[in-house]
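Fold and contact review
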Amino acid sequence: MLQWCMNDAVKLLLVFIAIMILLRKKLNIGLVMFIAAAVLILLYKMPLEKIWDTFRMTVMDPVTFKLILALSFIRIFEMVLREHRVLARMMDTVKAVFQNRKIVTISMPLLIGLMPSVGGAYFSAPMVAETTNDTRMSPEEKGFINYWFRHPWEYVLPLYPGILLAAAITKIQLYDLILANSAYAALLVITGFMFAMHGLRGGTVAEKRMSVRGIWSFAPIVSVLLLVMLFRIELHYALIAVVLFLFFFYRYRAKNILATFRYGFSLDVIVLILGVMFFKEAMENSGAVRNLSQFFLGENIPVFPILFLLPFISGMLTGITVGFVGSTFPLLISLTGNTSVAAISFAFASGLIGVLLSPVHVCLILTKEYFKADLWKMYRMMVPAGVIVFAGAVVEYLVLK
């Protein structure tokens, strides 16, 4: 069984080495994911029937369709707001209210992070770019800020399906799990300040005073947030509704609408989503994650490393919170018999750190692409920040236990 696991580990290591090398070559990230999936298929010698099923599931998966719609309409939404200087007025208003450079910079990722959507990182990226365009901040630091500061909510916000699923599987009260996870959310914010924005000192000088027009500039984004959070409308539907209203409000003609749709539904976005989803399906159909999980179960490895390793590895492989919760939490319960808040909260923290560091996390991919950042240089900030969050999780686990 050890040899079996080592084979899986070596295969997955080769796949991720291929991903990192191709990303260093500045290839389109969607194409990289297709190549990685092809490598996975070859290593696991998947039969043609299974390959076809993997492709069919990718194309037919409603999540694929929703992601393409959401990301495309986010691009359209951002284009409309940019053309009419709505983003600039939002930044002017935030500067007038807070007058603190760092708070202004992180405010948009935090605000947009309230929306439990994969495309949210692409939503806040232009706002981070807008408020840092007069600085010497590197694309990697801007990317880190946009990426890192939108994710504290995933530890504590019930709108995110991961924490809801964790509470449901483990039968832990949602309130108790949120309370235990609050420390990790705080650490994520703290480490964001620790590893970024050192060049942003002092306050901001508001070029304009706060105005009614400036306050109204937030209406499109607030409308999307309310539709998603209050009325529980899916993000792509909310975006479609708000974009259609903006077309009407700004009196767009047919040729202008066509131009925005050409910009929004770009080939890069479609290839990106199809590539990531195809890789995800290939991971599941190859049996790689399942094999590693069964190895940990069969080798009588102590509870503590299992609580870390299973969720962390699954999070790294899938880049999705629901993925590591759904695939490993039932195993953790059956293996350890431990459904204490201490154990489950620690496992959740470990899995989400894996998700945040995963090179296939869509938010990370989108952020990297928007800022044209070097992923390796972003990891120089992300890895030590993740280690600090993990250290905090270890301390909390020992205290609660």
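Residues numbered from 1 in each chain as written. Predicted model: local features only at pLDDT ≥ 70, side-chain atom pairs only at ≥ 80, totals over all residues. Heavy atoms only, no water.

Tallying secondary structure elements over the protein gives 22 helices and zero strands in all. Considering only contacts within the protein whose residues lie at least 6 apart along the sequence, 81% involve residues at least 24 apart. Taken as a whole, the protein presents about 18,000 Å² of accessible surface, with 67% of it coming from carbon and sulfur. (Helix = DSSP H or I, 4+ residues; strand = E, 2+ residues; numbered from the N terminus. Contact = heavy atoms within 4.5 Å. Areas by Shrake-Rupley, 256 points an atom, 1.4 Å probe, with all protein chains shown as cover.)

Here the focus is the nonpolar core. Ile19, Phe77, Phe123, Ile221, Val224 and Phe279 are the most contacted members of the largest nonpolar core, which totals 65 residues. Broken down by element, the residue count for this core peaks at eleven residues, all from helix 4 (residues 62–83). Residues Phe149, Val156, Leu177 and Leu332 belong to the second largest nonpolar core, which totals 60 residues. (Core = buried A, V, L, I, M, F, W, Y, C linked by side-chain atoms within 4.5 Å. Buried < 20%, exposed > 50% of the residue type's maximum accessible area, 1.4 Å probe, protein only.)

Let us look at the packing of aromatic side chains. Per the stated rule, a full pass over the model turns up 23 aromatic pairs. Taking the centre distance of 5.1 Å and the plane angle of 85 degrees together, the rings of Phe249 and Tyr250 count as edge-to-face. For Tyr250, a relative accessible area of 24% puts it in the partly exposed group. Connected via pairs of aromatic rings, a cluster forms that spans Phe304, Phe308, Phe312, Phe346, Phe390 and Tyr397. The side chain of Lys11 reaches across the aromatic face of Tyr44, ending 4.4 Å from its centre. Above the face of the Tyr263 ring, Arg75 is positioned so that its terminal group lies 4.3 Å from the ring centre. (Phe/Tyr/Trp six-rings, centres within 6.5 Å; stacked < 30°, edge-to-face > 60°. Lys NZ or Arg CZ within 6 Å of the ring centre and 35° of its normal.)

Attention shifts here to unusual backbone geometry. Residues other than glycine seldom take positive phi values, yet Lys171 does so here, at roughly 65 degrees. By the secondary structure assignment, Lys171 is in the loop between helix 10 (161–170) and helix 11 (174–195). Residue Lys171 is classed as exposed on the basis of its relative accessible area, which comes to 69%.

This part is about the pattern of salt bridges. Enumeration over the complete set of coordinates arrives at two salt bridges. In this structure, Arg56 and Asp53 form a salt bridge, with 3.5 Å as the shortest nitrogen-oxygen distance. In this pair, Arg56 and Asp53 both sit in helix 3 (residues 48–60), three residues apart, roughly one turn of the helix. Among the ionic pairs, Lys368 bridges to Glu369, the shortest N-O distance being 3.3 Å. (Salt bridge = Lys/Arg side-chain N within 4 Å of Asp/Glu carboxyl O.)

Let us now look at helix 18 (residues 303–318). Residues spaced three or four apart along an α-helix face the same direction, because each turn holds 3.6 residues. Helix length check: helix 18 (16 residues) gives 23 Å between terminal C-alpha atoms against 22 Å at 1.5 Å per residue, within 8%. Here helix 18 has its buried residues at Ile306, Leu307, Phe308, Leu310, Pro311, Phe312, Ser314, Gly315, Leu317 and Thr318. (Expected span 1.5 Å × (residues − 1).)

This brings us to the packing of helix 5 (residues 86–98) against helix 6 (residues 101–112). The geometry of helix 5 relative to helix 6 is characterised by a closest axis approach of 9 Å and an angle of 130 degrees between their N-to-C directions. On the basis of the axis angle, helix 5 is oblique to helix 6. The hand of the helix 5/helix 6 crossing is right-handed. Taken together, the residues of helix 6 that come into contact with helix 5 (itself represented by Met90, Met91, Val94, Lys95 and Phe98) are Ile103, Val104, Ser107 and Met108. Class assignment of the residues belonging to the contact of helix 5 with helix 6 gives a composition of seven nonpolar, one polar and one charged. (Axes fitted to C-alpha atoms, helices over the stretch in contact; angles between N-to-C directions. Parallel < 35°, antiparallel > 145°, perpendicular 65-115°, else oblique. Left-handed = near helix turned anticlockwise from the far one by under 90°. Nonpolar A, V, L, I, M, F, W, Y, C, P; charged D, E, K, R; others polar.)

This part takes up the environment of Val399. Position of Val399 relative to the elements: it lies in helix 22 (residues 375–400). Considering only alpha carbons, one finds Val399 and Ala342, 57 residues apart in sequence, at a separation of 8.4 Å.

The next thing to look at is the environment of Leu235. Tracing the backbone shows Leu235 in helix 14 (residues 235–249). Separated by 169 residues in the primary sequence, Leu235 and Lys66 place their C-alpha atoms 8.5 Å from one another.

When the terminal C-alpha atoms of helix 14 are compared, their 21 Å separation across 15 residues agrees well with the 21 Å that a helix rising 1.5 Å per residue should span. For helix 14, every residue scored as buried is listed here: Leu235, His236, Ala238, Leu239, Val242, Val243, Leu246 and Phe247. Here the buried residues of helix 14 occupy an arc of 165 degrees about the axis, which is enough to place them on one side. Residues Tyr237, Phe245 and Phe248 are exposed on helix 14 and point more than 90 degrees away from its buried face. Two residues or fewer after helix 14 comes Arg251, characterised by a positive phi angle close to 55 degrees. (Arc of directions from axis to C-beta.)

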